[in-house]
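Chain by chain, the residues:
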Amino acid sequence: MKVVIVGGVAGGMSAATRLRRLDEQAQIVVLEKGPYVSFANCGLPYYISGEIGNRDDLIVESPAELQARFNLDVRPEHTVTKIDPVTQTVSGTTSGGRSFTESYDKLILAPGAKPLVPDIHGLADAANAFVLRSIPDLDRIMLTLHQVQPKQALIIGAGFIGLEVAENLRRRGLAVTIVEQTPHVLPPLDEEMAAFVQQELQAHNVRVITGQSVTTLQDDGHTAQLSDGTTLSTDLTILSVGVRPNTDVAGAAGIKLGLRGGIVVDDHYQTSQPNIYAVGDAIVVTQQITGQPALIPLASPANRQGRQVADVIAGLPQRNRGSIGTAIVRVFDLAAASTGLSERAARQAGLDVAVIHVLGKNHAAYYPEATPINLKLIFNPHTGEIYGAQGVGVDGVDKRIDVLATAIKGHLTVADLPELELTYAPPFGSAKDPVNMLGYAALNITEGLSTHIQWYQLPDALKNGAILLDVRDPDEIAEGHFPHSVNIPLNDLRDRLNELDPKQTYIVSCRSGQRAYIAERILRQHGFQVKNLDGAYQLYQAVRPNDLVYPK
């Protein structure tokens, strides 16, 4: 059996090496258009600052190493330009201009994704504008950094890669501006969680402009004009507005394409053409939570898919179950991570949605150097099905989101989260881990013990006559408070119930939500109409700081 794989890196090389482990006799040919067939593209931004100091560390395996260990025929700088499903051949050209044709019994397509290039007038004349997707892209950026020594950098797009590049350029000493077309940075996260990331960027003197796009590059790329007419000076511009499936050749071969041009595959990665399979960033997957088609261009699913398609070709009963999308990014001293659906995506999918926020610590609060973790859980208030989760904090975010991703994959519900027995000792965690606390808080909603109101619902609720009852202590109130709120410290609440109107609706808040829940339970059991402001003051302050009152 001869297997040709178009594309290396995550999906293609995982397929090639797994197939060799399963079939020593197969002829395996890997055709990669770039000069590097196995490299750490997720590590590219960190070479910009020097955090990864050796460029060679980004190259995982060379063709010679793959030949020696796995007996793979790896051919870099071979660009496939045509697939003929009838004759079962692929053809193309090498970097030297030589034409080639290769026959196959089985063909695996792993062409990946290519950067989206926005429609910006003058971009073609901007010699200082780059994308970052490959080592050659990195080399061009590094050459500019060394030769031109730019002082000002513009990042177009505030997704995962854009933020990583912004951080590393800032660490290198450049003045950095980020322009993001959507209302907030890190669009996969919901607005209030992304607010903590924006604060971190600004704390490190990164200028952030949201709700705007770059429409024009002038002066050979050194002046950028935004959609509102604002102009920015830039010596170096990085385009990071997302990716799209690299499927032009597949589409020309009659292979069925779907969502945004992604390759449609079945449960065994089979395309619409016989003996042709596809994996990685180029394929349409099933979003496991909604069951709908999705594009999830992440390294972990691509590696898994590569292994599984090799199993399928070798005759093992593997099935493509889909993906949920789990990702994390470091932004200076902060980590932000998500898994599954955002609240926005869950509501757009028409799901019955409830949301809770919990503020915890990375380990026992009394143990030195404890740092906060903000967690968000999106779930079904009736069945307890977990739709997604997000986390932001200095330390321990990865652990919590990984646990919650596992819970989603394992079809656990919010009722199972308190049952999780997670490692605990003061330097590592808490006896009631933040994940456990998410479960307890969610159960309070599903069991009818608490009614939450979200931060974005608060202004309308107050306009409609509700009164905000802040149960923080006076010294906390003195540092900042909600306008027109009533303050009764929690420990005084039982003795001051006579100051409240049983016919009035109250929204209770504290710093993080814990005291507000206790106040809610007290008030409910005394006949008051009450809702709990989810995430409380600290969350509202992050996302709407200008709506609060501060001491002069």
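Look above for the structure.
As the structure is a prediction and not an experimental result, all values here were calculated from the model.

As a further point, take the overall build of the chain. Along its length, the chain carries 15 helices and 31 strands. Relative to the 2.2 N^0.38 estimate, which gives 24 Å for 552 residues, the radius of gyration of the chain is 26 Å and therefore close to what a compact globule would have. The dimensions of the chain, computed from C-alpha atoms along their principal axes, are 90 × 55 × 45 Å. Sequence separation of 24 or more characterises 64% of the internal contacts of the chain that already satisfy a separation of 6 or more. Counting every atom, the chain has about 24,300 Å² of accessible surface; 48% of that belongs to carbon and sulfur. Charge centroids of the chain, computed over 47 positive and 59 negative side chains, lie 3 Å from each other.

What follows is about the nonpolar core. Counting 58 residues, the largest nonpolar core has Ile-48, Leu-169, Val-176, Ile-178, Leu-186 and Leu-201 as its most contacted members. Among the elements that take part in this core, helix α6 (residues 191-203) stands out by supplying 6 residues, more than any other. Excluding anything up to four places from it in sequence, Leu-201 contacts Leu-163, Ile-178, Val-185, Val-206, Val-208, Val-331 and Phe-332. In terms of nonpolar packing, the next biggest core, distinct from the first, is built from 46 residues, Val-30, Val-80, Leu-109 and Val-285 among them.

Glancing now at the packing of aromatic side chains. A full pass over the atoms with the stated rule returns 4 aromatic pairs. With a centroid separation of 5.4 Å and 85° between ring planes, the pair formed by Trp-455 and Tyr-456 is classed as edge-to-face. By relative accessible area, Trp-455 is classed as buried at 6%. For Tyr-456, a relative accessible area of 34% puts it in the partly exposed group. Taking the centre distance of 5.6 Å and the plane angle of 85° together, the rings of Phe-482 and Tyr-537 count as edge-to-face. Highlighted residues: Phe-482 in the loop between α13 (474-477) and β29 (486-487) and Tyr-537 in helix α15 (residues 536-543), separated in sequence by 55 residues. We note that Phe-482, like Tyr-537, is buried. Counting every residue linked through ring pairs, the aromatic cluster contains Phe-482, Tyr-537 and Tyr-540.

What follows is about helix α11 (residues 434-446). The terminal C-alpha atoms of α11, which comprises 13 residues, lie 18 Å apart, in line with the 18 Å expected from a rise of 1.5 Å per residue. In terms of burial, α11 is largely enclosed, as 10 of its 13 residues are buried. Of all the positions in α11, only Pro-434, Val-435, Asn-436, Leu-438, Gly-439, Ala-441, Ala-442, Leu-443, Asn-444 and Ile-445 are classed as buried. Looking at the buried residues of α11, the elements they touch are β24 (354-361), β25 (372-379), α10 (397-409), β27 (452-453) and α14 (514-524). Capping the start of α11 is the job of one residue whose side-chain oxygen sits 2.9 Å from the backbone nitrogen of Val-435: Asp-433. Within two residues after α11, Gly-448 carries a phi angle of roughly 80°, on the positive side.

Our next topic: the sheet that holds β27. Here we have 5 strands laid out as an open sheet, ordered β27-β31-β30-β28-β29, and parallel in their pairing. Looking at strand neighbours, the two that pair on one side only are β27 and β29, the edges of this open sheet. Where β27 lies against strand β31 (residues 529-533), 2 bridges are found, and the strand directions are parallel. From the neighbouring strand, Ile-453 faces β31, where its bridge partner is Leu-533.

Before going further, it helps to spend a moment on a nonpolar patch on the surface. A cluster of nonpolar side chains, contributed by Tyr-366, Tyr-367 and Tyr-424, occupies part of the molecular surface with about 360 Å² of accessible area. Along the polypeptide, Tyr-366 turns up in the loop between β24 and β25.

So, about the sheet that holds strand β18 (residues 263-264). Taken in spatial order, the 3 strands make up an open sheet running β18-β20-β21, and their pairing is mixed. The sheet is open, and its two edges are formed by β18 and β21 (293-294), each paired on a single side. Bridge analysis of strand β20 (residues 283-286) against β21 gives 2 bridges, and the strand direction is antiparallel. Directly across from Thr-286, in β21, lies its bridge partner Pro-293.

Attention shifts here to the layout of surface pockets. The computed volume of the second largest pocket comes to approximately 830 Å³. Listing elements by their share of the lining of the second largest pocket, those giving two or more residues are β24, α11 and α14. Of the residues forming the lining of the second largest pocket, the biggest block, 6 residues, is contributed by β24. Within the lining of the second largest pocket, the residues separate by chemical class into 11 nonpolar, 11 polar and 5 charged.

Taken as a whole and judged by the stated rule, the model has 22 salt bridges. Residue Arg-140 is joined to Asp-137 by a salt bridge in which the shortest nitrogen-to-oxygen separation is 2.6 Å. Of this pair, Arg-140 and Asp-137 both sit in helix α4 (residues 135-147), separated by 3 residues, roughly a single helical turn. Overlapping salt bridges bring together Asp-190, Glu-192, Glu-343, Arg-344, Arg-347 and Lys-376 as one network.

Cut-offs used in this document
Residues numbered from 1 in each chain as written. Predicted model: local features only at pLDDT ≥ 70, side-chain atom pairs only at ≥ 80, totals over all residues. Heavy atoms only, no water. Helix = DSSP H or I, 4+ residues; strand = E, 2+ residues; numbered from the N terminus. Rg over C-alpha atoms; globule rule 2.2 N^0.38 Å. Contact = heavy atoms within 4.5 Å. Areas by Shrake-Rupley, 256 points an atom, 1.4 Å probe, with all protein chains shown as cover. Lys, Arg positive; Asp, Glu negative; His and termini not counted. Charge placed at Lys NZ, Arg CZ, Asp CG, Glu CD. Core = buried A, V, L, I, M, F, W, Y, C linked by side-chain atoms within 4.5 Å. Buried < 20%, exposed > 50% of the residue type's maximum accessible area, 1.4 Å probe, protein only. Phe/Tyr/Trp six-rings, centres within 6.5 Å; stacked < 30°, edge-to-face > 60°. Expected span 1.5 Å × (residues − 1). Polar contact = N/O pair within 3.5 Å; in protein donor to acceptor, adjacent residues only side chain to side chain. Pairing = 2+ DSSP bridges. Patch = residues over 30% accessible without salt bridge, like charges linked within 9 Å, V, L, I, M, F, W, Y side chains within 5 Å. Salt bridge = Lys/Arg side-chain N within 4 Å of Asp/Glu carboxyl O. 1 Å grid on protein atoms, 1.4 Å probe; cavity = no way out; pocket = protein on both sides within 12 Å on 5 of 7 lines; lining within 4 Å. Points joined across faces, edges and corners; volume = space filled by probe spheres on them. Nonpolar A, V, L, I, M, F, W, Y, C, P; charged D, E, K, R; others polar.

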